[in-house]
Amino acid sequence: MELIGALATGVAVFAALMALLPGPVGASPGIVDRLQAALRVRLDASHALLAQARLDVSPRTFLALTVAAPIGLGLVGFVLSLPMSLIGALVGVFVPRLYVRYLLGGEARAADDDTPRVLRAIVNRAAAGGTYPDLFSAAAEAARHRWVRADFEEILGRYYANEPPADALADVRRRQAGRNLALLYDALLVLIRTHQPVSAAVDVLGSLGEAARSNQSIARQAAAESKGLRLQATILAVVIPLLFLYLLVANHELVGPVMETALGRFVLLPAAALLEVSGIFLSWRVTRLEA
């Protein structure tokens, strides 16, 4: 309760000071307007991130989770000590966004796996004299990943609904997490907006297909080389907390100084938690090799 009271007091003092500060002469946005503008920016960024990760969650719900997570983990840590509460709040700030980034990485890898196959189908259909709708149809038929197939089917449906294909491509392009697939959408956008014939797509997309296959080969090699490091980091991240819990249950006297003394609760335990979190984060960053 002391921590909650201190946080509330700090927020109230900050708000009062901001209200008392003199503003510039003339019409200028107030605090409410600035907060609303900042909220709109955060909502737009969250909407783009969730769309790329293919999560059916509203941006407002995601922002609420980003606020609730540090508060919840901070209260859990406060049961042990104030430093643990601060560490819990710090971890809670990053957990929701890191989870979405993890899903985003999975979608990007799946989309990039499909890109060479989709490009090959598009180039073959263009070489056979097809139209741009035929290229979208060929891509949807060749795609194996459900979101890649659904995106091209959406573009094809919007084309037959008399919507300009460039607008549909631009909208779907914003949802692409895979870099190679995003390059494909960029190339199609340029071809359509500059009114290039379909025959021009053969050379442009053919060279892009070679680059996509090369990038995918490098990405797979990097993932294979870092797989052992990721496994080792995961084992260490799980074993150390489990070992501490085992000692806490099996031999409480051994870890008693950490849980029951002021030095353990305010120094040793927070330091161990901070080192564990830092190790997990650094290991994840080091082993996250991408093409």
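Residues numbered from 1 in each chain as written. Predicted model: local features only at pLDDT ≥ 70, side-chain atom pairs only at ≥ 80, totals over all residues. Heavy atoms only, no water.

### A few points about the overall build of the protein chain
A count of helical and extended segments in the protein chain gives 11 helices and zero strands. Considering the protein chain as a whole, with its 291 residues, one finds that 31% of them fall into the buried category. Within the protein chain, contacts between residues at least 6 apart in sequence are counted, and of these 61% link residues at least 24 apart. With an accessible surface of roughly 17800 Å², the protein chain has 67% of that area assigned to carbon and sulfur atoms. (Helix = DSSP H or I, 4+ residues; strand = E, 2+ residues; numbered from the N terminus. Buried < 20%, exposed > 50% of the residue type's maximum accessible area, 1.4 Å probe, protein only. Contact = heavy atoms within 4.5 Å. Areas by Shrake-Rupley, 256 points an atom, 1.4 Å probe, with all protein chains shown as cover.)

### Details of the nonpolar core
Counting residues in each nonpolar core, the largest one holds 34 residues, and the members touching the most others are Val-118, Phe-136, Phe-152, Ile-155, Leu-169, Leu-184 and Leu-205. Here this core gets eight residues from one element, more than from any other, and that element is helix α8 (residues 179–193). Counting residues in each nonpolar core, the second largest holds six residues, with Leu-49, Ala-53, Val-100 and Leu-104 among its members. (Core = buried A, V, L, I, M, F, W, Y, C linked by side-chain atoms within 4.5 Å.)

### A closer look at the packing of aromatic side chains
All chains considered together, the criterion is met by two aromatic pairs. Considering the side-chain rings of Phe-152 and Tyr-185, the 5.3 Å spacing of their centres and the 15 degrees angle between planes classify their relative orientation as stacked. Taken together, the residues span a long stretch of sequence, with Phe-152 in helix α6 (residues 146–160) and Tyr-185 in helix α8 at a distance of 33 residues. Note on accessibility: Phe-152 and Tyr-185 belong to one class, buried. Each ring, one from Tyr-159 and one from Tyr-160, has its centre 5.6 Å from the other, and the planes form 70 degrees; the classification is edge-to-face. (Phe/Tyr/Trp six-rings, centres within 6.5 Å; stacked < 30°, edge-to-face > 60°.)

### A look at the pattern of salt bridges
Scanning all chains against the criterion turns up 10 salt bridges. Between Arg-158 and Glu-163 there is a salt bridge, and its shortest N-O distance comes to 2.5 Å. Linking Asp-171 and Arg-158 is a salt bridge whose minimum nitrogen-to-oxygen distance equals 2.6 Å. Pair noted here: Asp-171 is in helix α7 (residues 165–173) and Arg-158 is in helix α6, with a separation of 13 residues, a long-range link. Using a relative accessible area of 29% as the deciding quantity, one classes Asp-171 as partly exposed. Residue Arg-158 is classed as buried on the basis of its relative accessible area, which comes to 16%. Shared partners join several salt bridges into a network, and the residues in it are Arg-54, Asp-151, Glu-154, Arg-158, Glu-163, Asp-171, Arg-174 and Arg-175. (Salt bridge = Lys/Arg side-chain N within 4 Å of Asp/Glu carboxyl O.)

### Side note on a nonpolar patch on the surface
On the surface, Leu-90, Val-93, Phe-94, Leu-98, Leu-274, Phe-281, Leu-282 and Trp-284 cluster together to form a nonpolar patch covering roughly 720 Å² of accessible area. Looking at the nonpolar patch, the elements with two or more residues in it are α4 (82–127) and α11 (262–287). Assignment of secondary structure puts Phe-281 in helix α11. The class of Phe-281 is partly exposed, set by a relative accessible area of 39%. (Patch = residues over 30% accessible without salt bridge, like charges linked within 9 Å, V, L, I, M, F, W, Y side chains within 5 Å.)

### A short note on the environment of Tyr-132
For Tyr-132, the location among the structural elements is in helix α5 (residues 132–142). Separated by 69 residues in the primary sequence, Tyr-132 and Ala-201 have C-alpha atoms spaced 9.5 Å apart. Dropping the residues within four chain positions of it, Tyr-132 is found in contact with Leu-191, Ile-192, Gln-196, Pro-197 and Val-198. Within the local environment of Tyr-132, its side chain forms a polar contact with the backbone oxygen of Gln-196, the two atoms lying 2.9 Å apart. (Polar contact = N/O pair within 3.5 Å; in protein donor to acceptor, adjacent residues only side chain to side chain.)

### Focus: the packing of α6 against α8
Interaxial distance between α6 and α8 falls to 13 Å at its minimum, and their mutual angle equals 15 degrees. One way to sum up the angle between α6 and α8 is to call them roughly parallel. At the point where α6 passes α8, the crossing takes the right-handed sense. On α8, the residues that touch Val-148, Asp-151, Phe-152 and Ile-155 of α6 are Leu-181, Leu-184, Tyr-185 and Leu-188. (Axes fitted to C-alpha atoms, helices over the stretch in contact; angles between N-to-C directions. Parallel < 35°, antiparallel > 145°, perpendicular 65-115°, else oblique. Left-handed = near helix turned anticlockwise from the far one by under 90°.)

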